[in-house]
Amino acid sequence: MGMPFADLGAQQARIRDDLDARIRKVLEHGQYIMGPEVGELEKRLAAFTGARRCVACASGTNALELVLAAWGIGAGDAVFTTPFTFVATAETIARTGAVPIFLDIHPRTFNIGAERLEAAIQAVRQRDRSLHPLPDAAVRGQLAPRALVPVDIFGNAADYDVLLPVAERHNLLVLEDAAQSLGGEWRGRKLGHCGCHAAAVSFFPSKPLGCYGDGGAVLTDDDTLADIVDSLRYHGRVDARHKYENIRLGCNGRLDTIQAAVLLAKLEIFEEERDLRSAVARIYSALLADADGVVLPEETPGARSIWAQYTVLLPDGADRAAVMARMKEDGVPSAIFYPKGLHVQSCFSGLGYAPHDFPRTQEICRRVLSLPMHPYLSREDQEKVAESLKAALRAG
Ligand SMILES: *Cc1c(COP(=O)(O)O)cnc(C)c1O
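All of these numbers come straight from a predicted model, not from anything done at the bench.

**As for the site of the ligand**
Around the ligand, 15 residues are found, and the nearest of them are Gly60, Thr61, Gln180, Ser202 and Lys207. Backbone polar atom of Gly60 to an oxygen atom of the ligand: 2.8 Å apart, as the coordinates give it. A distance of 2.7 Å separates an oxygen atom of the ligand from a polar atom in the side chain of Lys207. For the shell around the ligand, the elements supplying multiple residues, two or more each, are helix H3 (60-70) and helix H4 (88-95). Of the residues in the shell around the ligand, the class split is five nonpolar, eight polar and two charged.

**Re the side chain of Asn156**
Note that Asn156 resides in the loop between strand E4 (144-149) and helix H7 (160-169). For Asn156, the side chain forms a polar contact with the main-chain oxygen of Glu298, separated by 3.4 Å.

**A short note on the sheet that holds strand E7 (residues 189-190)**
Pairing is antiparallel in the open sheet, where three strands are placed in the order E7-E6-E12. Two strands in the sheet have a free side with no partner beyond their single neighbour: E7 and strand E12 (303-304).

**Points about the pairing of strand E11 (residues 242-246)**
Side-chain positions along a regular strand alternate between the two faces of the sheet. Where strand E10 (residues 237-239) and E11 come together, two bridges link them in antiparallel fashion. Residue pairing in the sheet places Asp239 in a bridge with His242 of E11. Counting the residues in the hairpin turn of E10 and E11 gives two residues.

**Some words on the sheet that holds strand E8 (residues 198-202)**
In space, the seven strands of this open sheet follow the order E1-E9-E8-E5-E4-E2-E3, with mixed pairing throughout. Looking along the sheet, the strands with just one partner apiece sit at the ends: strand E1 (53-57) and strand E3 (99-102). Across the sheet, the axes of successive neighbouring strands diverge by a mean angle of 25°, strand direction being ignored. In the packing of H3 onto the sheet, contacts are made with E1, E4, strand E5 (173-177), E8 and strand E9 (216-220), and the angle to E8 comes to roughly 160°. Relative to E1, helix H8 (residues 223-232) is tilted by about 20°, and along the sheet it contacts E1, E8 and E9.

Calculation notes
- Residues numbered from 1 in each chain as written.
- Predicted model: local features only at pLDDT ≥ 70, side-chain atom pairs only at ≥ 80, totals over all residues.
- Heavy atoms only, no water.
- Near = heavy atom within 4 Å.
- Polar contact = N/O pair within 3.5 Å; in protein donor to acceptor, adjacent residues only side chain to side chain.
- Helix = DSSP H or I, 4+ residues; strand = E, 2+ residues; numbered from the N terminus.
- Nonpolar A, V, L, I, M, F, W, Y, C, P; charged D, E, K, R; others polar.
- Pairing = 2+ DSSP bridges.
- Axes fitted to C-alpha atoms, helices over the stretch in contact; angles between N-to-C directions.
- Contact = heavy atoms within 4.5 Å.

Function-wise, these values are silent; they only describe arrangement.
Shown next, in the form of structure tokens:
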């Protein structure tokens, strides 16, 4: 077996006994849906992040959906977000009937270009494409700026110093897409609870805190929002004692009890794993400091990344496919997050964006390369990755 990109096996070997015990306990009590582990996990995650409320749900996508639905976001609304993210961020916005308005990204952190938010809001208000690139629907009719969905891409905080005051001035609801960033921090606050109205977290297996299937959670200080999300995830029931009294159209958005048990075991070592990830990132940055033309990842000022990915920019003009193929011959895996901006994905062709609307996103999609990243990556393997990347670049 070659070097893994993300080694879930090493982690499992460490916590296998605890996992077995916790899963056995679920098999014994038999409460597979909304069993006690779900509530315990919600308490633990609220305490971990400092959020007043945590509502576990079916996935990160589901968490985004539940919050947007609870806020009543829909047709006629404009929701600002980044084109450089996993598709779920904008997919969930568009599925409500609202129109995603993309902002080009920061060239070093790859996060939403916060300094463009004000102009994008004005452009929507005035239906004026000369102020900011807009989807057709934002020019044809009058949209109401309603919400902002920043993503902490690769585990590193979006630029909340700039985003939050602008959002507040314009009364935007802010939903942090913290699918990749749980465990990270911004100005001493945990990501998922860093000043936004709500956050969506994912427990997809490869995320920094992942379960063994799909899972997610909503974090918020807003009791009203948490109560609505709690109801929506369970078919809009009025409360836990009256599950056949349905007062709103919800969905099946519950987290399995067994997945909650898995997450409780992983939470025990999560802070230690965070420190191991930081160390791996520091070592990469030292090993690659002399790699000609390679741009190393940067944390947002005030942020501590959870390093969900360690993603470099290859030199402009490098043949990325050839570099990846050469590294693969050395037994070194690599990945492209993300090959395409959302504004050029066919599922969003109806928005009417042009590729050059977001030139930084276009360039970064061409140049990014993510290296193997997990808490148990050895120094020897990191040296092998760095040497392999440098040799592949020299080979041209
Ligand atoms: C993974 C991810 C999601 C979706 O999470 P799922 O649990 O896979 O539904 C949403 N946004 C971002 C940025 C992600 O990385």
